[in-house]
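Remarks on the overall topology
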Amino acid sequence: MAFIKEVFRGIRVLVLIWILTAIVYPLVILNLGQWVFPFTANGSILFNIKAEPMGSFLIGQSFTSEQYFQSRPSAIRYSQGKKSAPYGISGGSNLSPTNPQLIDRISQEVSQLKEEDLKPIADLIYTSGSGLDPHISWKAARQQLPRVAKARGMKEDEIESLMYKYTDGKFLSIFGESVVNVLRLNYALDLQSLNQGEQ
């Protein structure tokens, strides 16, 4: 009889712990996140002037127009409303440095950059570890500046001031390097073009 009591006591403790850790704790953290950090907790989504979601500040996107700064290459085809393969997932290619597919992709990136008279620096030819990095180095952004300025009919100085505005500094002011958030910069350029068109 004592054994059965201990079993039931163990089951009650297990159920209590499960309720606390699988239901109560996640709900508390979810609500705390929504209350204290609503923007971040909801994916750091950037909305356009029509209140339509454009993307997350934290996830890279591909830009193909000459008017836009290009992100780092990615092993993932970013989901843009159409089904892509893979769709709605994140991750790197996991190809080894000697894999012919990786070597071919990098060779193509280098050739394309040389055709555009751009120096093939690291973050324009290599993916980030996650394949989703939304940032490029200041050097990579500066290299693309003449092309973007020419395509938009803007002065380089005007665009450069926006580049400074959307540059994220070093982590804790010590680690890494200053990087430019491509999505935020491209959207700011669109807004500036729109404002100039209305004047």
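Note that the structure is a prediction, hence the values are computed from the model and not measured. (Residues numbered from 1 in each chain as written. Predicted model: local features only at pLDDT ≥ 70, side-chain atom pairs only at ≥ 80, totals over all residues. Heavy atoms only, no water.)

1. Some words on the overall build of the protein
The test is simple: Only DSSP runs of H or I covering at least 4 residues are called helices, and only runs of E covering at least 2 are called strands; the numbering of each starts at the N terminus. Note on exposure labels: buried denotes an accessible area under 20% of the residue type's maximum, exposed denotes more than 50%, and partly exposed covers the range between, all computed with a 1.4 Å probe on protein chains only. In this analysis, two residues are considered to be in contact whenever any of their non-hydrogen atoms come within 4.5 Å of each other. Method for areas: the Shrake-Rupley scheme with a 1.4 Å probe, in which residue coverage is limited to the protein chains shown.
Secondary structure summary: the protein contains seven helices and five strands in total. In the protein, the succession of helices and strands from N to C terminus is α-α-β-β-α-α-β-α-α-β-β-α. Burial analysis of the protein (199 residues in total) assigns 31% to the buried set. Here the analysis covers contacts within the protein between residues at least 6 apart in sequence; of these, 52% occur between residues at least 24 apart. Total accessible area on the protein is roughly 13,500 Å²; 61% of this is exposed by carbon and sulfur atoms.

2. Examining the UniProt feature "transmembrane region" (unreviewed entry) in the protein
We count it as follows: UniProt positions are given in the numbering used here, feature names are shortened, and annotations may be inferred rather than shown by experiment.
This chain's UniProt record puts "transmembrane region" (unreviewed entry) on residues 12-37. In the segment residues 12-37, helix accounts for 96% and strand for 0%; the C-alpha atoms at its two ends are 35 Å apart.

3. Looking at unusual backbone geometry
The backbone phi angle of serine 44 is positive, close to 50°, even though this residue is not glycine. Mapped onto the elements, serine 44 comes out in the loop between α2 (38-41) and β1 (45-47).

4. Focus on the pattern of salt bridges
For clarity, the threshold we go by: Think of a salt bridge as a Lys or Arg side-chain nitrogen and an Asp or Glu carboxyl oxygen that are within 4 Å of each other.
Within this structure, the stated rule accounts for six salt bridges. Two residues, arginine 105 and glutamate 109, come together in a salt bridge whose shortest N-O distance is 3.7 Å. Of this pair, arginine 105 and glutamate 109 both sit in helix α3 (residues 100-115), four residues apart, which is roughly one turn of that helix. Among the ionic pairs, arginine 152 bridges to aspartate 190, the shortest N-O distance being 2.8 Å. Of the two residues, arginine 152 is situated in helix α5 (residues 138-152) and aspartate 190 in helix α7 (residues 182-198); the sequence distance between them amounts to 38 residues. Overall, arginine 152 belongs to the buried group, its relative accessible area being 13%.

5. What to know about the side chain of asparagine 181
By secondary structure assignment, the location of asparagine 181 is in strand β5 (residues 179-181). Given a relative accessible area of 2%, asparagine 181 falls into the buried group.

6. Here's the deal with the nonpolar core
Where a protein is soluble and globular, its nonpolar side chains tend to be buried together. What counts here: Definition of nonpolar core: a set of buried residues of the types Ala, Val, Leu, Ile, Met, Phe, Trp, Tyr and Cys, connected through side-chain atoms within 4.5 Å.
Ranked by size, the top nonpolar core spans 31 residues in total, and within it Phe69, Ile159, Met163, Leu185 and Leu189 carry the most contacts. Only α3, α4 (122-125), α5, α6 (156-165) and α7 provide two or more residues apiece to this core. Discounting chain neighbours no more than four positions away, the residues touching isoleucine 159 are Phe69, Leu145, Val148, Ala149, Met154 and Leu189.

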